[in-house]
Amino acid sequence: MADTIADTRRLFSKPQNLNDAYGPPSNFLEIDVSNPETVGVGRNRFTTYEIRLKTNLPIFKLKESRVRRRYSDFEWLRGELERDSKVVVPPLPGKALFRQLPFRGDDGIFDDTFIEERRAGLEQFLNKVAGHPLAQNERCLHMFLQDESVDKTYTPSKIRQA
């Protein structure tokens, strides 16, 4: 039997310049969920979250966008993705039904700690979904991230890359 010797030579790599090292990445997608605002009174009270997107991915029509969404909009997005795509959709942060009961000693779903936990969970959800190549082709995701309002009567379809 012949002994085999492992090839330990280094692969040739192009020298890196400052622009390569510190320039913008070739493909990036940044999504932040921030600035929660609680609006309304009584049973019509709800919290909205600002969603900021920055990307250089060609599939998105806008390279930067900023929209406001409420939790029910996230539920809608999740339902649309589950119904119309081949993507395994991660769960949303919970509904917190116990926090909605009356006569609690705190602000329930409007408590600052709860809102912050939900905000972080929604941001994690969006980054997982939007980072998936198949989900990036779904019109509902683009509408959710970049259109001022969500048209829940839209016709589901795929986005074609320009």
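The structure under discussion appears in the preceding block.
Every value quoted in this text rests on a predicted model; they were computed, and no experiment measured them. (Residues numbered from 1 in each chain as written. Predicted model: local features only at pLDDT ≥ 70, side-chain atom pairs only at ≥ 80, totals over all residues. Heavy atoms only, no water.)

Peer 1: I keep staring at unusual backbone geometry and nothing clicks. Help me out?
Peer 2: Negative phi characterises most residues that are not glycine, and trans characterises most peptide bonds. Of note, asparagine 35 is a non-glycine position whose phi angle comes to about 50°, a positive value. Within the fold, asparagine 35 resides in strand 1 (residues 29-39). Asparagine 35 sits in the partly exposed class, given a relative accessible area of 41%. (Helix = DSSP H or I, 4+ residues; strand = E, 2+ residues; numbered from the N terminus. Buried < 20%, exposed > 50% of the residue type's maximum accessible area, 1.4 Å probe, protein only.)

Peer 1: Which parts of the structure should I look at to understand helix 3 (residues 112-130)?
Peer 2: Helical geometry: 3.6 residues make up each α-helical turn, so side chains three or four residues apart lie on a common side. Over its 19 residues, helix 3 runs 27 Å from end to end, which matches the ideal 27 Å to within 8%, given 1.5 Å per residue. Buried within helix 3 we find Phe114, Ile115, Arg118, Arg119, Gly121, Leu122, Phe125, Leu126, Val129 and Ala130. (Expected span 1.5 Å × (residues − 1).)

Peer 1: Sorry if this is basic, but what is going on with the nonpolar core here?
Peer 2: A general feature of soluble globular proteins is that nonpolar side chains tend to end up buried together. Formed by 32 residues in total, the largest nonpolar core has its most connected members in Ile51, Phe74, Leu77, Phe125, Leu126, Phe144 and Leu145. Counting only elements with at least two residues in this core, the list comes to strand 1, strand 2 (46-55), helix 2 (71-84), helix 3 and helix 4 (139-146). Considering each element in turn, this core owes the most residues, six residues, to helix 3. Not counting residues within four places of it along the chain, the set of residues in contact with leucine 126 comprises Ile31, Val33, Ile51, Phe74, Leu77, Phe144 and Leu145. (Core = buried A, V, L, I, M, F, W, Y, C linked by side-chain atoms within 4.5 Å. Contact = heavy atoms within 4.5 Å.)

Peer 1: I keep staring at the side chain of glutamate 80 and nothing clicks. Help me out?
Peer 2: Summarising the element assignment, glutamate 80 is placed in helix 2. Of the residues examined, glutamate 80 reaches a relative accessible area of 9% and is grouped as buried. Within polar-contact distance, the side chain of glutamate 80 engages the side chain of tyrosine 154 at 2.7 Å. In this view, glutamate 80 contacts Ser85, Cys140, Tyr154 and Pro156; residues no more than four positions away in its chain are not counted. (Polar contact = N/O pair within 3.5 Å; in protein donor to acceptor, adjacent residues only side chain to side chain.)

Peer 1: I would appreciate a short explanation of the sheet that holds strand 3 (residues 64-70) in the present structure.
Peer 2: Sheet strands associate in pairs through backbone hydrogen bonding, adopting either a parallel or an antiparallel arrangement. Taken together, three strands build an open sheet; the order of strands is 1-2-3 and the sheet is antiparallel. Because the sheet does not close on itself, it has two edges, and the strands there are strand 1 and strand 3. Neighbour-to-neighbour, the strand axes of the sheet open up by a mean angle of 20°, direction not taken into account. Pairing of strand 2 with strand 3 involves seven bridges; the strand directions are antiparallel. Bridging across to strand 3, glutamate 50 finds its partner in arginine 68. Against the sheet, helix 3 touches strand 1 and strand 2, its axis set at about 150° to strand 1. Against the sheet, helix 4 engages strand 1, strand 2 and strand 3, with an angle of about 95° to strand 3. (Pairing = 2+ DSSP bridges. Axes fitted to C-alpha atoms, helices over the stretch in contact; angles between N-to-C directions.)

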